[in-house]
Amino acid sequence: MGYGFGKIILLGEHAVVYGHPAIAAALDSHRAEATACRSTDSVLTIEPWGKTVTAGALGPPGDTAIREAFESLLRSYDNNTSPVFVSVNVNVPAGAGLGCSAAIGVAIVRALDELFHIDRAPADVAALSLGWEKVFHGNPSGVDSAVAAHGGLVRFAKGHSLALLHIARPLHIVIALSNVGARTKEMVAFVAKQLSRDERRVVSVFGGIGSLVNKAQGAVEQGDLETLGHCMDLNHALLSSLLLSTPELELMCAEARLAGALGAKLTGSGGGGAILALASSSSCAQSIEERLASLSRQCFTVVVHASSHRKSPC
């Protein structure tokens, strides 16, 4: 068996692709779980999507990326040539910027590792699963895979060791999904195009985001929710300046703030997907949920606790 967590990015989207830090949290209650056994053919099934692909065999065009990503992982196990049957069950909303694909990739790696008696550290699991992520997202920062493998609330930056953050107070975070799916690969390419055309402006935006991540980290560690919420609002404004927000995301952020959110922002790549709203308490989170229910296709609250950084897989 293997597992991988979904994730939310509190601050740092897109800038993290270019070496700036990000703060992200694992969704302990939303994850992928995989089982693997030896078989006559290498087959992957994913529920509840009803997807089944066979390595080396053509299938429906809509399943091509899943098959190619599965084949990419299998190539990493060259010394274990026996075909495998892998079954994945996932309850992370897909196309929402919540790390669904990374959770699946990490879960598959862990299941295959157990099948082939390979002992791998979380950082190495995350690194191997990037082969899966690259098929879907082109140039992923690696933050999704890192959080899927490690869990908890972390500071992530390319080329640096992952840092688990101390949480002085629980974070009540409302997640609201828009009616338009996230377009990660397209949005990453869109920002790269802006960078090539107006490097000075975009680099300045990235620098601002990086500074907000540093300030937000201090707020988390000191239990200063008001400052954290303010940093989230400012991060959203910078992402909006890169044209990554949408009218629907803007409306949900505005309504969340009217309902008492300390801060609200898009999470993930933008262009659709989901928003986060930081609540001061569980009752405040409930009020925000009620306000956003009619505006989103799915809305729920997660609580990131000080002790949540290493959950049991079962």
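Predicted, not measured: the structure shown is a model, and the values here were computed from it. (Residues numbered from 1 in each chain as written. Predicted model: local features only at pLDDT ≥ 70, side-chain atom pairs only at ≥ 80, totals over all residues. Heavy atoms only, no water.)

Summing up its helical and strand segments, the protein chain has nine helices and eleven strands in all. Over its C-alpha trace the protein chain gives a radius of gyration of 19 Å, about what one expects of a compact globule, namely 20 Å for 314 residues. With the C-alpha coordinates aligned to their principal axes, the bounding extent of the protein chain is approximately 55 × 45 × 40 Å. Within the protein chain, the fraction of its 314 residues that count as buried is 54%. Contacts spanning at least 24 positions in sequence make up 74% of the contacts within the protein chain whose residues lie at least 6 apart. (Helix = DSSP H or I, 4+ residues; strand = E, 2+ residues; numbered from the N terminus. Rg over C-alpha atoms; globule rule 2.2 N^0.38 Å. Buried < 20%, exposed > 50% of the residue type's maximum accessible area, 1.4 Å probe, protein only. Contact = heavy atoms within 4.5 Å.)

The next point concerns the packing of aromatic side chains. One pass over the structure, following the stated rule, counts four aromatic pairs. Ring centres of Tyr18 and Phe206 lie 5.0 Å apart, and the angle between their planes is 20°; this geometry places the pair in the stacked category. Placement of the pair is Tyr18 in the loop between β1 (2–11) and β2 (22–38) and Phe206 in helix α6 (residues 199–222), with a sequence separation of 188 residues. Given a relative accessible area of 33%, Tyr18 falls into the partly exposed group. We classify Phe206 as buried; its relative accessible area is 3%. Plain terms: the ring middles of Tyr77 and Phe116 are 5.6 Å apart, the flat faces sit at 45° to each other, and that makes the pair tilted. Of this pair, Tyr77 sits in the loop between α1 (64–75) and β5 (84–90) while Phe116 sits in the loop between α2 (100–115) and α3 (122–137), and the two are 39 residues apart along the sequence. (Phe/Tyr/Trp six-rings, centres within 6.5 Å; stacked < 30°, edge-to-face > 60°.)

Turning next to the confidence of the model for the protein chain. When pLDDT is averaged along the protein chain, the result is 91, and 96% of the positions lie at 70 or above. Across residues 307–314 the pLDDT falls below 50, and counting only partners more than four positions away or on other chains, this stretch makes 16 contacts in the model. (pLDDT = per-residue confidence, 0-100.)

Moving on: the sheet that holds strand β11 (residues 298–304). Think of a sheet as strands paired side by side through backbone hydrogen bonds, with each pair either parallel or antiparallel. Across the sheet, four strands lie side by side as β9-β10-β8-β11; this open sheet has antiparallel pairing. Of all the strands in the sheet, the pair left with one neighbour each is β9 (263–267) and β11. Ignoring strand direction, the axes of neighbouring strands in this sheet form an average angle of 25°. Across seven bridges, strand β8 (residues 171–177) lies against β11 in antiparallel orientation. The residue of β11 that forms the bridge with Leu177 is Gln298. Across the sheet, helix α7 (residues 225–241) is in contact with β8, β9 and β10 (274–279); its angle to β9 comes to roughly 45°. Here helix α8 (residues 247–258) sits on the sheet in contact with β8, β9 and β10, set at roughly 155° to β9. (Pairing = 2+ DSSP bridges. Axes fitted to C-alpha atoms, helices over the stretch in contact; angles between N-to-C directions.)

Take the environment of Ala176 next. With respect to the helices and strands, Ala176 occurs in strand β8. Contact partners of Ala176, with chain neighbours within four places excluded, come to Met252, Gly273, Ala274, Ile275, Leu292, Ser296, Gln298 and Cys299.

Direction vectors running N to C along α2 and α3 enclose 130°, while the axes themselves pass 8 Å from each other. Judged on the interaxial angle alone, α3 and α2 are oblique. Here the hand of the crossing between α2 and α3 comes out right-handed. Touching Ser101, Ala102, Ile104, Gly105, Val106, Ile108, Val109, Arg110 and Asp113 of α2 are Pro122, Val125, Leu128, Ser129, Trp132, Glu133, Phe136 and His137, all from α3. Its residues placed into classes, the contact of α2 with α3 shows ten nonpolar, four polar and three charged. (Parallel < 35°, antiparallel > 145°, perpendicular 65-115°, else oblique. Left-handed = near helix turned anticlockwise from the far one by under 90°. Nonpolar A, V, L, I, M, F, W, Y, C, P; charged D, E, K, R; others polar.)

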